[in-house]
Amino acid sequence: PANSMEELVSLCKRRGFIFQGSEIYGGLQGFYDYGPLGVELKNNIKAAWWRSNVYERDDMEGLDASIIMHRMVLRHSGHEATFSDPMVDNKKNGRRYRLDHLVKDQKEGVQAKVAELMGADPQNFAALVAALNANPAQASAALKDAGVRDPFSGEVGDWTEPRPFNMMFKTTIGPIADDDSYGYLRPETAQGIFTNFKNVVDSTSRRLPFGIAQIGKAFRNEITPRNFIFRVRELEQMEIEFFCTPGTDEEWHEHWLERRLKWWEDQGVPRGKIEILDVPKEDLAHYSKRTYDLMYDYPTLGHEEIEGIANRTDFDLGSHTKAQAELGIQARVDENHDSVAKLTIPHPETNKPVVPFVIEPSAGVDRAMLAVLAEAFTKETLENGSERIVLKLRPHLAPIKVAVIPLARNREEITSVAKAIKAELQGLGLGRVLYEDSGNIGKAYRRHDEVGTPYCVTVDFDTVGKGEDASLTDTVTVRDRDTLGQERVKISELAGWIREKLK
Ligand code: ATP
């Protein structure tokens, strides 16, 4: 695995996985572009998630809802009122910080001093942040008196009171920009699932329990985007809303926790590197009965959330439904006089309409990518003493499955065979197969080790019957990324060989 974030950032840029967004104009903070290999890896991660959660189950449906949503959706979901992070300004330079990030980034002693001044337990960071939020005037004084420094200038700051900053991106819809024509870019994909609950039930005749899965972009105007693609303003999520009968929710919650850990393992992110945080009651989001945060041990950052698995009760459907009073909703929901749909489903036993409970496994694609890359990253010292970097990606995630390399790029008899092999292997539908004639063979191998290509196939003079050994005619060399072993394989058997290996 990678030792530091820097070595990952460097590899990602060098080999074309990830670039800073808008780079030629100086970059835009919190936005990244996925390059030629990044887009493949990302697509492969999403495909693996979709396969596991939609195709391999009989109780799931897929969805792709729009990104811009009616403001009523995000009002009744609670996002307009509560989707905010606490922010403080440094009056000396006008810079703004997310309060918890600011305190966390201070030297140990400073954090303890803030806790002492707030009368909070210095060992309990979440409780300290809660105390700072609850007493803004005292918080401002404590930050100053404890000598909290501005991470940008390094100087002790002059801090305002913390105040909530709503993270939703607002945009105008249509040609007239009046007070009523705004909408929001969704801050999570989940709401598109809840608003389509009735459509999906009506069109598929689903009964409880069943789930809806969605992968898509979400937007959060993070106060301090940072740590490469870990915290960005335009992100992608893979979310499931699994609807179940009230009373069976706790069992389903455990089911999804296990299932999701198993999936991470299958992507090369082992259980031993993920801590399960049973989020303490006082830190739970207002809609949640219980939440497990999966905390992956990121290089440099340490344990940070890669996925959240929440029991959201009947809060969401209960908030978006009409006729709330007659439905026996258990969560505390605000009144809704705007919705035109009753979001119920027959109870499996009584057949009476019920608002189901929801278990939500919600994972970030960008954070997944970072974890997968971190785990695959390997530095090896070879027998001859030289060092190689190799991405030991699971084959189903590798951006390029096979590179086909003609040993001489201007010899038609060799290139034509290489091109034919590339076309044949591409036809297997395993993913991208690359015709690679960009440099010498040593360089090509090094490059493909670094981007995780499982196999390199080389067409040489022997292949076309112009080498020393006639018995090698119509065979190619296949090189294994991990073992570095090389094997001669008959062209006629190559497709089957590759298919077997990449299964
Ligand atoms: P954090 O506490 O780190 O801000 P969160 O608890 O707000 O995250 P959720 O609202 O639970 O995150 O979102 C579900 C998932 O979406 C997270 O587990 C994470 O993988 C991903 N995610 C959330 N915010 C971001 C972001 N700014 N950049 C990248 N991924 C994100």
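These lines cover the structure that appears in this document, whether it is placed above or below. (Residues numbered from 1 in each chain as written. Predicted model: local features only at pLDDT ≥ 70, side-chain atom pairs only at ≥ 80, totals over all residues. Heavy atoms only, no water.)

1. What to know about the side chain of T321
You can see T321 is positioned in the loop between α12 (315-320) and β15 (345-346). On the basis of relative accessible area, T321 is assigned to the buried category, the value being 0%. In this structure the side chain of T321 is engaged in a polar contact, spanning 2.9 Å, whose partner is the backbone nitrogen of L343. Leaving out residues up to four positions away in the same chain, T321 has contacts with L327, I329, N336, S339, A341, K342 and L343. (Helix = DSSP H or I, 4+ residues; strand = E, 2+ residues; numbered from the N terminus. Buried < 20%, exposed > 50% of the residue type's maximum accessible area, 1.4 Å probe, protein only. Polar contact = N/O pair within 3.5 Å; in protein donor to acceptor, adjacent residues only side chain to side chain. Contact = heavy atoms within 4.5 Å.)

2. Comments concerning the site of the ligand
E222, R231, V232, E305 and I306 are the nearest of the 16 residues found near the ligand. Separating an oxygen atom of the ligand from a side-chain N or O atom of Q237 is a distance of 3.2 Å. Within the side chain of R367, one N or O atom sits 3.2 Å away from an oxygen atom of the ligand. Here the ligand, which alone exposes 590 Å², has 81% of that area covered by the protein. Elements represented by at least two residues in the shell around the ligand include exactly β11 (234-244), β14 (302-313) and β17 (357-364). The element that contributes the greatest number of residues to the shell around the ligand is β14, accounting for 4 residues. In the shell around the ligand, the residues fall into 5 nonpolar, 4 polar and 7 charged. (Near = heavy atom within 4 Å. Areas by Shrake-Rupley, 256 points an atom, 1.4 Å probe, with all protein chains shown as cover. Nonpolar A, V, L, I, M, F, W, Y, C, P; charged D, E, K, R; others polar.)

3. Concerning the packing of helix α2 (residues 36-55) against helix α13 (residues 365-376)
Viewed as axis vectors pointing N to C, α2 and α13 meet at an angle of 105 degrees, and their least axial separation amounts to 10 Å. Considering the angle they form, α2 stands roughly perpendicular to α13. Listed contacts from α13 to G38, L41, K42, I45 and K46 of α2 are V365, D366, A368, M369, V372 and L373. Of the residues in the contact of α2 with α13, the class split is 7 nonpolar, 1 polar and 3 charged. (Axes fitted to C-alpha atoms, helices over the stretch in contact; angles between N-to-C directions. Parallel < 35°, antiparallel > 145°, perpendicular 65-115°, else oblique.)

4. Brief notes about the sheet that holds strand β13 (residues 290-298)
If you trace the 7 strands from one edge of the open sheet to the other, you get β3-β10-β11-β17-β14-β13-β12, paired in mixed fashion. Unpaired on one side and paired on the other, β3 (60-63) and β12 (274-278) mark the two borders of the sheet. On average, each strand axis in the sheet is inclined to that of its neighbour by 20 degrees, with strand direction left out of account. Alignment of β13 against β14, held across 9 bridges, turns out to be antiparallel. From the neighbouring strand, Y298 faces β14, where its bridge partner is G302. Along the sheet, helix α11 (residues 249-266) makes contact with β3, β11, β12, β13, β14 and β17, crossing β14 at roughly 150 degrees. (Pairing = 2+ DSSP bridges.)

5. Details of α13
An ideal rise of 1.5 Å per residue puts 16 Å on 12 residues; α13 measures up with 16 Å between its terminal C-alpha atoms. The buried fraction of α13 amounts to 12 of the 12 residues, a majority that puts the element mostly inside the structure. Listed as buried for α13 are V365, D366, R367, A368, M369, L370, A371, V372, L373, A374, E375 and A376. (Expected span 1.5 Å × (residues − 1).)

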